[in-house]
Amino acid sequence: MVLLKQLGRNPILLIFRNITKMVDQATLDKLEAGFAKFQATESKSLLKKYLTKEIFDALKVKKTSFGSSLLDVVQSGFENPDSGVGIYAPDAEAYIVFADLFDPIIEDYHKGFKKTDKHPPKNWGDVDSFANLDPNGEFVISTRVRCGRSLQGYPFNPCLTEAQYKEMEEKVSSTLSGLEGELKGQFYPLTGMTKEVQQKLIDDHFLFKEGDRFLQAANACRFWPTGRGIYHNDNKTFLVWCNEEDHLRLISMQMGGDLGQVYRRLVSAVNDIEKRLPFSHDDRLGFLTFCPTNLGTTVRASVHIKLPKLAADLSKLEEIAGRYNLQVR
């Protein structure tokens, strides 16, 4: 069984405020020490590729109005030299304040989206143009389409206060409780979750855990599990993660290969939620999230498929997947 995942090509974001502060000496010392240690590694990350000494010196003294520094952007990559990318945006302004680092990484990862390019206007396209990928049920086990969204007016994980986490969870929970029809379901806060509910969500493969080492190093798991929660509809075909990596991860999924049905459900849900919870969006850069790999439309689609003979030769499978901009997961 193999999971093929369409790589995101589209980028990002945002609103800019005046920068009034410079970093303190302690932060500068950490940056200098971290940079020196990182430069001595054999890292193949995009951070290593684009964080030159010149760029480092130009950005190390800068700070956003949310208080984020270059250290917040690069600390995960410094601590995890095996990372593929190595940077996160601690708040929306970071994409502009530290643009000399973000822009080339975005261009590299998103296959040529230059700083002079403009993301297309918001448009889900013709939602009826997608059909069943495997009407006879021969190959596709399940289909999944998801997107990430950030709420207007809030920074990202490293800058959120405990009070903001709680406030966001309340907003998300009350909004999702208003969904109707196929999307109607229940929100489960991680805080105070019973063992029974926890096991139920584990059995359904819905429950997310505290962040991996990359997110931990990015300071993205503060006040865990405060402000985190999971929503799913009664049919278990629509799922929302609240404050896992992004403010929201919205997921539509079901068994079989009916991509059209999965996509239309996601579009309906996102449009409904956006009417009540405005999302952070920039006309040039699209929707913005915590990670620069997940920007622009933020939409990713995946299928579990059966390719027993091809999967027996992993190198051949990866070679063929690479031709179509797919990842083997």
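From a predicted model like this one, the values you see are computed outputs, not experimental measurements.

As for the overall build of the protein chain
Across its full length, the protein chain carries 12 helices and 10 strands. For the protein chain, the C-alpha radius of gyration of 20 Å lies close to 20 Å, the compact-globule estimate for 329 residues. By residue count, 49% of the 329 residues in the protein chain fall in the buried class. A sequence separation of at least 24 residues applies to 75% of the contacts in the protein chain between residues at least 6 apart. With the model as given, the accessible surface of the protein chain reaches about 15,900 Å², and the carbon-plus-sulfur share is 51%. Each charge class in the protein chain was averaged separately, 43 positive and 43 negative side chains, and the resulting centres sit 1 Å apart.

As for helix 10 (residues 259–274)
Here helix 10 is 16 residues long and its end C-alpha atoms lie 22 Å apart, about the 22 Å a rise of 1.5 Å per residue gives. Looking only at helix 10, the buried set comprises L259, G260, V262, Y263, R265, L266, V267, A269, V270 and I273. Of the surrounding secondary structure, the elements contacted by the buried residues of helix 10 are strand 2 (140–149), helix 7 (162–176), strand 5 (238–242) and strand 6 (248–255).

Regarding the packing of aromatic side chains
The full count for this structure, using the stated rule, is 10 aromatic pairs. Taking 5.1 Å as the distance between ring centres and 35° as the angle between the ring planes, the aromatic pair formed by F38 and F78 counts as tilted. Taken together, the positions of F38 in helix 1 (residues 25–39) and F78 in helix 4 (residues 70–79) put the pair 40 residues apart, joining distant regions of the chain. Taken together, the ring pairs connect W124, F130 and Y263 into an aromatic cluster.

Cut-off values and rules
- Residues numbered from 1 in each chain as written.
- Predicted model: local features only at pLDDT ≥ 70, side-chain atom pairs only at ≥ 80, totals over all residues.
- Heavy atoms only, no water.
- Helix = DSSP H or I, 4+ residues; strand = E, 2+ residues; numbered from the N terminus.
- Rg over C-alpha atoms; globule rule 2.2 N^0.38 Å.
- Buried < 20%, exposed > 50% of the residue type's maximum accessible area, 1.4 Å probe, protein only.
- Contact = heavy atoms within 4.5 Å.
- Areas by Shrake-Rupley, 256 points an atom, 1.4 Å probe, with all protein chains shown as cover.
- Lys, Arg positive; Asp, Glu negative; His and termini not counted.
- Charge placed at Lys NZ, Arg CZ, Asp CG, Glu CD.
- Expected span 1.5 Å × (residues − 1).
- Phe/Tyr/Trp six-rings, centres within 6.5 Å; stacked < 30°, edge-to-face > 60°.

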